[in-house]
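# Structure at a glance
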Amino acid sequence: QVQLVESGGGLVQAGGSLRLSCAATGSTNNINDMGWFRQAPGMQRELVASTSRGGSAFYADSVKGRFTISRDNDKKSVYLQMNSLKPDDTAVYYCHINRRFDIRDYWGQGTQVTVSS
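As a starting point, this report considers the structure included with it. Owing to the predicted nature of the structure, the values given are computational and were not obtained by experimental measurement.

Let's shift gears to the overall build of the protein. Broken down by element type, the protein carries 0 helices and 11 strands. Helices and strands appear in the protein in the N-to-C order β-β-β-β-β-β-β-β-β-β-β. Principal-axis analysis of the C-alpha atoms places the extent of the protein at approximately 45 × 25 × 20 Å. Look at the contacts in the protein between residues 6 or more apart in sequence, and 54% of them connect residues 24 or more apart. As presented, the protein carries roughly 6200 Å² of accessible surface, and 48% of it is formed by carbon and sulfur atoms. Where the 13 positive side-chain charges of the protein centre and where its 10 negative ones centre are 4 Å apart.

As structure tokens, then:
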């Protein structure tokens, strides 16, 4: 089993920045993709950004140029630097990982990000 612990959410004004962190503990061998999803009220959960084991990154169009994902494989951690935040970025953000040879998805508990206009 893998446990994911997130931190870094909060309330920020539009144009501000936040940095989310997620640390994996437990059976952290063979971690493959690490990423961030978000879910706004009444909306489906959506992929924000992800990074592969090899380091390649994917970003949703809505956050390209504003958000940067990074990972530290030694620390089993993934980060999301969010700049130029907009009210539309308001959501609960969830850390997500998967592992090689494991069909399960692992999720964090979620951290609230609120951007005021």
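Take the sheet that holds strand 3 (residues 18–26) next. If you trace the 4 strands from one edge of the open sheet to the other, you get 1-3-8-7, paired in antiparallel fashion. Only two strands of the sheet have a single neighbouring strand rather than two, namely strand 1 (2–7) and strand 7 (67–72). Each strand axis lies, on average, 15° off the axis of its neighbour in the sheet, ignoring direction. In terms of strand pairing, strand 1 meets strand 3 through 6 bridges, oriented antiparallel. Bridged to Glu6 within strand 3 is Cys22.

As a further point, take the side chain of Arg38. Counting through the fold element by element, Arg38 comes out in strand 4 (residues 31–39). The buried category is assigned to Arg38, whose relative accessible area is 6%. At 2.7 Å, the side chain of Arg38 and the side chain of Glu46 are in polar contact. Of note is the side chain of Arg38, whose polar atom sits 3.4 Å from the side chain of Ser62.

Counted under the stated rule, the structure contains 1 aromatic pair. Each ring, one from Phe37 and one from Trp107, has its centre 4.9 Å from the other, and the planes form 70°; the classification is edge-to-face. Residue Phe37 is found in strand 4, and its partner Trp107 is found in strand 10 (residues 102–107); the two are separated by 70 residues along the sequence. Looking at Arg45, its charged tip hangs above the ring of Tyr94, at a distance of 3.7 Å from the centre. A cation over an aromatic ring shows up here: Arg45 above the ring of Trp107, its NZ or CZ 4.6 Å from the ring centre.

With that settled, consider the nonpolar core. The nonpolar side chains of a soluble globular protein tend to be buried with one another. Core analysis: the biggest nonpolar cluster contains 28 residues, and Leu4, Trp36, Phe67, Leu80, Met82 and Tyr93 have the highest contact counts within it. Those elements that provide at least two residues to this core are strand 1, strand 3, strand 4, strand 5 (46–51), strand 7, strand 8 (77–82), strand 9 (91–99) and strand 11 (111–116). When residues no more than four places from it in sequence are discounted, the contact partners of Leu80 are Leu18, Arg19, Leu20, Trp36, Val48, Ala49, Phe67, Thr68, Ile69 and Tyr93.

This brings us to the pairing of strand 8. Within strand 8, 5 of the 6 residues are buried, leaving the element largely enclosed by the surrounding structure. Bridge count for strand 3 against strand 8 is 6 bridges, and the pairing is antiparallel. Counted as the bridge partner of Cys22 is Val78 from strand 8. Relative to strand 8, strand 7 runs antiparallel, the two sharing 6 bridges. In the sheet register, Arg71 faces strand 8, and the bridge partner there is Val78.

Reading the values: rules and limits
- Residues numbered from 1 in each chain as written.
- Predicted model: local features only at pLDDT ≥ 70, side-chain atom pairs only at ≥ 80, totals over all residues.
- Heavy atoms only, no water.
- Helix = DSSP H or I, 4+ residues; strand = E, 2+ residues; numbered from the N terminus.
- Contact = heavy atoms within 4.5 Å.
- Areas by Shrake-Rupley, 256 points an atom, 1.4 Å probe, with all protein chains shown as cover.
- Lys, Arg positive; Asp, Glu negative; His and termini not counted.
- Charge placed at Lys NZ, Arg CZ, Asp CG, Glu CD.
- Pairing = 2+ DSSP bridges.
- Axes fitted to C-alpha atoms, helices over the stretch in contact; angles between N-to-C directions.
- Buried < 20%, exposed > 50% of the residue type's maximum accessible area, 1.4 Å probe, protein only.
- Polar contact = N/O pair within 3.5 Å; in protein donor to acceptor, adjacent residues only side chain to side chain.
- Phe/Tyr/Trp six-rings, centres within 6.5 Å; stacked < 30°, edge-to-face > 60°.
- Lys NZ or Arg CZ within 6 Å of the ring centre and 35° of its normal.
- Core = buried A, V, L, I, M, F, W, Y, C linked by side-chain atoms within 4.5 Å.

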